[in-house]
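# Summary of the model geometry
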Amino acid sequence: MAAPSGHFRRRSRDRPRTASRPVTWAPAKMALCRAGARGALWRLGPGPGPAWGLLGPRPARGALRIPARGCSAKAGSRGALAALVQGVKRLNGHYERFLQRCFPRFYALYATFTGGIRSLVVEVKEIRKIRQKMARQRLSAQQLPYREMERLRQFRRDVIKAIPVGVLAIPPFANFLVIVLMYFFPRQLLIRYFWTPSQQVEFLDAYHAIRSAAYAEVLESLALAARSLPQPQLQTQLQELCAKVQRGSQPHAAELYAVRSLFSGPPLALSKLRVSHVRALSHVLFLTPRLPAFFLRHRLRSHVLEIRHLDRALLRLGLGQLSEEELRAACYLRGLNSTHLGMAECRAWLEQWLRLSCKLQVSEVSLLANSMVLLSLNYLGAKE
């Protein structure tokens, strides 16, 4: 038994050395992938050159290579930034809860201001997209969809209102005075993004009271101009319309459309109206009446034509696509105080307005301006 064992031992000692088994690098590859912060996967070999044979053949010239420290640096900076943002949000949440608990009135102003800033930033981004779209597709404002056209119109009015506040804040330390003025006169100095919900209803009622004070003057100017009309039949129809509104009734769109030809020539064309009539209509459209007659007529014409373009875009969109806020804003722009009306009442009035507006020609826009008074003065509970 000893001989065979010795024989086997000699054979094992005398066996020539062969090449060792190939090393399996799968665990090494997994470890190297997890240790990405130490460098790229292929730059793992000893010495100055990369050991390309470990993880496969060397990539061709120009192929994508993973930088040595780029991924780790970017990942670290992103992680630090995310941690910083989370910390700021956490501190801001604690601060807001403290204000809400200890200073509820100041918290309401603070929440309105911060929410207004966010809404304004979003609106600026949307306006920039609309402008880029117009430049890329070579579109005019009248060719835009209804919502984009209305956004441009409202944003332009907000910017015009905010310019005086920006000018007042230019001198050193004047911003503190502006803050005080904005606190005591929010309707005059703040734009709609910084109004609380209760202030929005209150301020819209106040603005409507200002323009509704000019309604009686518009009716008197219409009745006075009707006396000098050359067509007796149309003259009688217009006088009956004015008397109907003065008695507290509301005319139909068909009745106004029947006398449309009177508003394309003197004395009821927009360029032929008396100055007092133009000033009263400027109040109705929230335009300053303290300008020379030429500028008053030009601004009045441009604003009425803008409403006409909005009406045609709204007709293409369809009233059923409007939200409650959009529906109320559309009625308010056209002369109706919609803050205290229901959705059905607003939609019925706007349908009647569109039936008239979309049939009128550019030469008959004077009728559209006067219809803001004739159609809205006695509509249901809109009269306050």
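That block above? That's the structure.
Residues numbered from 1 in each chain as written. Predicted model: local features only at pLDDT ≥ 70, side-chain atom pairs only at ≥ 80, totals over all residues. Heavy atoms only, no water.

A few words on the overall build of the protein. Helix and strand content of the protein: 16 helices and zero strands. For the protein, the proportion of its 384 residues judged to be buried stands at 33%. A fraction of 62% describes how many contacts in the protein between residues 6 or more apart in sequence connect residues 24 or more apart. If you sum the accessible surface of the protein, you get close to 24,100 Å²; carbon and sulfur atoms cover 60% of it. (Helix = DSSP H or I, 4+ residues; strand = E, 2+ residues; numbered from the N terminus. Buried < 20%, exposed > 50% of the residue type's maximum accessible area, 1.4 Å probe, protein only. Contact = heavy atoms within 4.5 Å. Areas by Shrake-Rupley, 256 points an atom, 1.4 Å probe, with all protein chains shown as cover.)

Under the criterion given, the structure shown has 10 salt bridges. A salt bridge links E126 to R151, with the nearest nitrogen and oxygen atoms 3.5 Å apart. Taken as a pair, E126 in helix α4 (residues 104-137) and R151 in helix α5 (residues 146-168) lie far apart in primary sequence, 25 residues in all. For E126, a relative accessible area of 24% gives the class partly exposed. The exposure class of R151 is partly exposed, given its relative accessible area of 33%. Between R192 and D158 there is a salt bridge; the shortest N-O distance is 2.8 Å. Taken together, the residues span a long stretch of sequence, with R192 in the loop between α7 (186-189) and α8 (197-212) and D158 in helix α5 at a distance of 34 residues. (Salt bridge = Lys/Arg side-chain N within 4 Å of Asp/Glu carboxyl O.)

By the secondary structure assignment, V165 is in helix α5. Take V165: its relative accessible area is 14%, and that puts it in the buried class. As for V165 and I179, which are separated by 14 residues in sequence, their C-alpha atoms are 9.7 Å apart.

Packed helix pairs are characterised by how far apart their axes lie and by the angle those axes make with each other. At their nearest, the axes of α4 and α5 sit 10 Å apart, and the two run at 120° to each other. One finds that α4 runs oblique with respect to α5. Pair α4 / α5 crosses with left-handed handedness. Contacts from L120, E123, V124, E126, I127, I130, R131, K133 and M134 in α4 reach E148, R151, L152 and F155 in α5. Partitioned by chemical class, the residues of the contact of α4 with α5 number seven nonpolar, no polar and six charged. (Axes fitted to C-alpha atoms, helices over the stretch in contact; angles between N-to-C directions. Parallel < 35°, antiparallel > 145°, perpendicular 65-115°, else oblique. Left-handed = near helix turned anticlockwise from the far one by under 90°. Nonpolar A, V, L, I, M, F, W, Y, C, P; charged D, E, K, R; others polar.)

Here we come to the side chain of Q235. Within the secondary structure, Q235 sits in helix α10 (residues 232-246). Within the structure, Q235 has its side chain in polar contact with the backbone oxygen of R227 (distance 3.2 Å). Contact partners of Q235, with chain neighbours within four places excluded, come to A226, R227 and L229. (Polar contact = N/O pair within 3.5 Å; in protein donor to acceptor, adjacent residues only side chain to side chain.)

Let us now look at the nonpolar core. Counting 69 residues, the largest nonpolar core has L268 and L350 as its most contacted members. In terms of residue count, the dominant contributor to this core is helix α13 (residues 293-317) (eight residues). Other than its neighbours up to four places away in sequence, L268 contacts L222, A225, L229, L238, L262, F263, L273 and S366. Among the nonpolar cores identified, the runner-up in size contains six residues, and I191, F194, W195 and F203 belong to it. (Core = buried A, V, L, I, M, F, W, Y, C linked by side-chain atoms within 4.5 Å.)

Turning our eyes to something else, we now look at the side chain of E150. With respect to the helices and strands, the residue E150 is situated in helix α5. Engagement of the side chain of E150 in a polar contact is seen with the side chain of R153, the distance being 2.8 Å. With near-sequence residues (within four places) excluded, E150 lies in contact with L310 and L333.

Before going further, it helps to spend a moment on the packing of aromatic side chains. This structure, assessed with the given rule, holds six aromatic pairs. On the numbers, 6.0 Å between centres and 75° between planes, the contact of Y207 with F286 is edge-to-face. With Y207 in helix α8 and F286 in the loop between α12 (275-284) and α13, this pair connects stretches of sequence that are 79 residues apart. Relative to W353, the ring of W349 lies with its centre 5.7 Å away and its plane at 20°, an arrangement referred to as stacked. Of this pair, W349 and W353 are both found in helix α15 (residues 343-357), four residues apart, which corresponds to roughly one turn of the helix. Here W349 matches W353 in class, with each residue buried. When the ring centre of Y207 is taken as origin, the NZ or CZ atom of R187, which lies over that ring, is 5.1 Å away. Over the ring of Y257 we find K359, and its NZ or CZ is 5.5 Å from the ring centre. (Phe/Tyr/Trp six-rings, centres within 6.5 Å; stacked < 30°, edge-to-face > 60°. Lys NZ or Arg CZ within 6 Å of the ring centre and 35° of its normal.)

Following both chains from N to C, one finds helix α9 (residues 215-226) and helix α16 (residues 365-374) inclined at 125°, their axes separated by 9 Å at the closest point. On the basis of their axis angle, the class for α9 and α16 is oblique. Once α9 is placed against α16, the crossing between them reads as left-handed. Contact residues: Y215, V218, L219 and L222 in α9; N370, M372, V373 and L374 in α16. Looking at the contact of α9 with α16 residue by residue, the class counts come to seven nonpolar, one polar and no charged.

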